[in-house]
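Okay, here's what each chain looks like letter by letter:
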Amino acid sequence: MIKHILINNFRCFKSFEVDIPSKIVLISGRNNIGKTTILESLFFLFCHNMQEIFLNLNLLRNNKIYNFNPDTTWEHFFYNKDLSNNIFICSSTEDDTYALTVSKDDTYTPKSTIVLS
């Protein structure tokens, strides 16, 4: 059971932290304030090793991103689309703490720029 969530620089949250005191949690609020982002952050934290995680999260929001493009596929996950600040998501249970840091990686090389000699 999750007891604590910390989210930094993920989607609409520059910084968000909450303690969860019970087994049943209801998330409510006005539209577009971050309810879905809390759930997405947990999905991202626990499924980050899935190769298609960024595409899946975009498709959950009906963003029409079907082809991988390093700029448009994951810039939406960073607070204010600022790729210079790392995403940090942390969740604690009674027994363990799980943490994930995501940063922009400039080592991607599109196939069209590879030159073979």
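Look above for the structure.
Since the structure is predicted, the reported quantities are computational estimates derived from the model, not experimental observations.

Asker: What should I look at first to understand unusual backbone geometry in this one?
Answerer: Leaving glycine aside, a negative phi is the common case for residues, and trans is the common case for peptide bonds. Non-glycine residue Asn9 carries a positive phi angle of around 60°. Relative to the assigned elements, Asn9 resides in strand S1 (residues 2-10). With a phi angle near 65°, Asn32 is a residue other than glycine that sits in the positive phi range. Note on placement: Asn32 falls in the loop between strand S2 (13-19) and helix H1 (35-47).

Asker: Mind showing me how you'd approach H1 here?
Answerer: The α-helix advances 3.6 residues per turn, and as a result positions three or four apart in sequence lie on the same side. Helix length check: H1 (13 residues) gives 19 Å between terminal C-alpha atoms against 18 Å at 1.5 Å per residue, within 8%. Listing the buried residues of H1 in full gives Thr37, Ile38, Glu40, Ser41, Leu42, Phe44 and Leu45. Those residues of H1 hidden inside the fold are in contact with S1, S2, helix H2 (53-60), strand S3 (87-93) and strand S4 (97-102).

Asker: Quick question: what am I supposed to make of the pattern of salt bridges here?
Answerer: As a working rule, side chains carrying opposite charge can pair if their charged atoms are close by. Taken as a whole and judged by the stated rule, the model has two salt bridges. Across the pair Glu94 and Lys3 runs a salt bridge whose closest N-O atoms are separated by 4.0 Å. Taken together, the residues span a long stretch of sequence, with Glu94 in the loop between S3 and S4 and Lys3 in strand S1 at a distance of 91 residues. The partly exposed category is assigned to Lys3, whose relative accessible area is 29%. Glu40 serves as the salt-bridge partner of Arg11, at 2.8 Å between the closest nitrogen and oxygen. Of this pair, Arg11 sits in the loop between S1 and S2 while Glu40 sits in helix H1, and the two are 29 residues apart along the sequence.

Asker: How do you make sense of the environment of Asn56 when you look at a structure like this?
Answerer: You can see Asn56 is positioned in helix H2. A relative accessible area of 26% places Asn56 in the partly exposed class. In sequence terms Asn56 and Phe44 are twelve residues apart; their C-alpha atoms lie 9.9 Å from each other.

Criteria and thresholds
- Residues numbered from 1 in each chain as written.
- Predicted model: local features only at pLDDT ≥ 70, side-chain atom pairs only at ≥ 80, totals over all residues.
- Heavy atoms only, no water.
- Helix = DSSP H or I, 4+ residues; strand = E, 2+ residues; numbered from the N terminus.
- Expected span 1.5 Å × (residues − 1).
- Buried < 20%, exposed > 50% of the residue type's maximum accessible area, 1.4 Å probe, protein only.
- Contact = heavy atoms within 4.5 Å.
- Salt bridge = Lys/Arg side-chain N within 4 Å of Asp/Glu carboxyl O.

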